[in-house]
Amino acid sequence: MMITGKNYIGNQLSAKGNKTYKTFNPKLNLENESIFYEASEKEIEESIDLAAEAFKVFRNTSGIKKAEFLNAIADEILILDDTLIKTYMSETGLPEGRAKGERGRTIGQLRAFADLVSEGSWVEATIDTEDLDRTPIPKQDIRKMLIPLGPVVVFGASNFPLAYSTAGGDTAAAFAAGCPVIVKSHPMHAGTGELVASAIQKAVQKTGMPNGVFSNLNSAGIEVGVQLVKHPKIKAVGFTGSIRGGRALFDLASQRPEPIPVFAEMGSVNPVILLPKAGKNKGVTLAKTYANSITLGTGQFCTNPGLIFGIKGKDLDDFIHTLSNEIVKIEPSCMLHPNIIGNYERNKTTALQQNGLHMTAEYEGDIKTNHARQTVTTVEGATFLNNTTLHQEVFGPFSMVVQCENIQQLEQIISNLEGQLTGTILSDDNEVSGYSSLIEVLKNRVGRIIFNGVPTGVEVCPSMLHGGPYPASTDSRFTAVGIHSIKRWVRPFSYQSWPNELQPDELKNENPLGISRLVNGEQTHKPI
Ligand code: NAP
C-alpha cells in the first residue's frame, strides 16, 4: 500500500487542490517524503454532497450490516500491518509498542461497536401501547428510539493518530449510529490517516456501503475544518485537541443559522490530591509512581497529571524532593512534532515567569532534538489561587505541586478549578472517609474520580466516562470513550399511532430483532 497524498472523496482518490504539505519525523528531525494535497473547496463540497446522499441509505442500514462494516474496517487495518506501524512511527516519534498498543485499542473499539449494533438494544426502544378506553382522553400508541443525526465531521488529535483519529472512537461511534463521516485529517500524521482511510474505503466496498459514507480530507490549516463545520448539510462535529481549537469550532457551530452540536474533548490538568497520611506513610512510593505517570508518552496525554495538591509540611517537602529526584532519572523522550515541543517550551516559560512558581527539577543532561526536558515545579496555595495562568495545561512532561496551608484552602482551590477529565485521591487506607466535603467539591469539577492510582491510561469499557465539565469537554453529559459515546450522534425520535408494518424493526410488535425494549414500563425481550 502506497501513500498517495490524495484525499478520499467518497471512494475516489482526488488531488485537485494546489496547497501541499509534508509530515515530519521528529526522531530524525526530517520531513517525510510523501506530499499531501490539501482538499480544495470543490472537493470539500463533493465529499459533503456524497455524505448527504449516503445518509439516505446508511441511516436505515441494519445493525448486522453496520457490524459487518465495522469489523471489516478492523480487519483491513490489521492487513496494513507493518506499513501502518512504520508510517505511524515516522510521523510521531512514538515507539513501536505504543503504535501496536494503540492499533489494538482502535481495533477493539471498532469491534465493540460492531457487537453493540448487531445486538441492537442500544437504540433504547420504548413502547407505550394504546389504551383507547382510557377516560377522559384515549391513550395513543407511542414508540420511541434513537436515530442518527446525519453527516458528522471528525477532527483527529495529534497525540492519538489511530485511537482518536481517522477510524478512532468518534468515527466508529458515528458509523455505528448510522452517520456518514468526513474526517478532517490531522496534518501531523496525514500518512497514517491516509492508510487508515484506505482501510475504511476497502471495507465500504467489501460490505456494500454507500459511496460517501466516508471521506478523508487533508489539510494543514484551519480553512478545511471551518468550511466543513459551517456547511448546512453537516449535522454534528467530533473534535479532540486543544481548548482553543475546540472552542473555535464550538463557537462557529453555534453561530450557524442552524446550530449543531460540537463534541469537543479538550485539555485538562487532572488534579491529584495527596492526603496527609498518604503523604506521610507512602509519599516516597507515590512520588516514584508519579514521576513515571508525568513522563509517560512524553506527557502527551490529555489525562497527564499536571497538578498535585498537598498540605504544606515536611511530608510534602519529602514528596516533592523524591518526585524531583526520580523524574530526572527518566530518559527524556521525543515529542510528536517541533510545533508541539515549541508549545511545550513556550507554555512552560509562561508558567515559570509567574511570581511564586519555583522549579524543583528539570532534566539537565544533553537531549536530542525534539526531546523534552521533564520538569517539576512548586507553588504556594494562595499564589496558585490568585493566578489562573498557573491553572492552564502545559501539554508535555510537566507537573506543578501546590502547597496548601490547610484542607480548607485546598477545598477552595479545587472548587475554583476549571472542569477536568479526571481527579485523583491518594489516600492511606480509609483516610479518605474523613474528607467527604473535599471529595464532593472534586466530583463537581471532574468527569472521573480515581482512588489511589494514576489518571493516565484510559480503559475502554462501557463504564468509562471520558469527558467532564467545560473545558475538559464541551458537553459533560457524554463520554468520548466506550460504547455509550454513540449517544453523541443520535437523537430520540417518536412514532405516534404509526402502522405496525411501517415501524422500524426495532419498534414492531413482533420484535423481530429480539432486542430488549421498555414496553409499558417493563424492560423485556418479549413481542407485544
Ligand atoms: P489542536 O491544535 O487543537 O488541533 C486539533 C485539530 O483541530 C487539528 O486538525 C487542527 O487543524 C484543528 N484546528 C485547531 N484549531 C482550529 C480552528 N480554530 N479552526 C479549525 N480547525 C482547527 O490540538 P492538537 O495539538 O492536535 O492536540 C493536543 C491537545 O489535545 C492537548 O491540549 C491535549 O490535552 C488535547 N487532547 C485531549 C484529549 C481528550 O480526550 N480530552 C485527547 C487527546 C488530546 P490544523 O492543525 O490543520 O490547524
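You'll find the structure just up there.
As the structure is a computational prediction, the values presented were derived from the model and not from experiment.

(A) The arrangement of the site of the ligand in detail. Residues in contact with the ligand amount to 27 residues; listed here are only the nearest, K184, H186, S242, E393 and H466. With respect to the ligand, the backbone of G221 contributes an N or O atom lying 3.2 Å from an oxygen atom. E393 is positioned with one of its side-chain polar atoms (N or O) 2.7 Å from an oxygen atom of the ligand. Within the complex, the protein chains bury 86% of what would otherwise be the 910 Å² of accessible surface of the ligand. Looking at the shell around the ligand, the elements with two or more residues in it are strand 12 (236-240) and helix 7 (243-255). Ranked by the residues each element gives to the shell around the ligand, the list is headed by helix 7, at three residues. Split by residue class, the shell around the ligand holds twelve nonpolar, twelve polar and three charged.

(B) Geometry of unusual backbone geometry. T135 connects to P136 through a cis peptide bond whose omega is 0 degrees. Within the secondary structure, P136 sits in the loop between strand 7 (126-128) and strand 8 (142-148). The step from Y470 to P471 runs through a cis peptide bond, and the omega angle for that step is 5 degrees. Checked against the element boundaries, P471 lands in the loop between strand 20 (446-451) and strand 21 (490-496). Positive phi values are uncommon outside glycine, yet N270 reaches one of about 55 degrees. Tracing the sequence through the fold places N270 in the loop between strand 13 (262-265) and strand 14 (271-274). Note on N270: relative accessible area 0%, which makes it buried.

Reading guide: rules and limits
- Residues numbered from 1 in each chain as written.
- Predicted model: local features only at pLDDT ≥ 70, side-chain atom pairs only at ≥ 80, totals over all residues.
- Heavy atoms only, no water.
- Near = heavy atom within 4 Å.
- Polar contact = N/O pair within 3.5 Å; in protein donor to acceptor, adjacent residues only side chain to side chain.
- Areas by Shrake-Rupley, 256 points an atom, 1.4 Å probe, with all protein chains shown as cover.
- Helix = DSSP H or I, 4+ residues; strand = E, 2+ residues; numbered from the N terminus.
- Nonpolar A, V, L, I, M, F, W, Y, C, P; charged D, E, K, R; others polar.
- Buried < 20%, exposed > 50% of the residue type's maximum accessible area, 1.4 Å probe, protein only.

Limitation: the analysis is restricted to geometry and does not speak to function.
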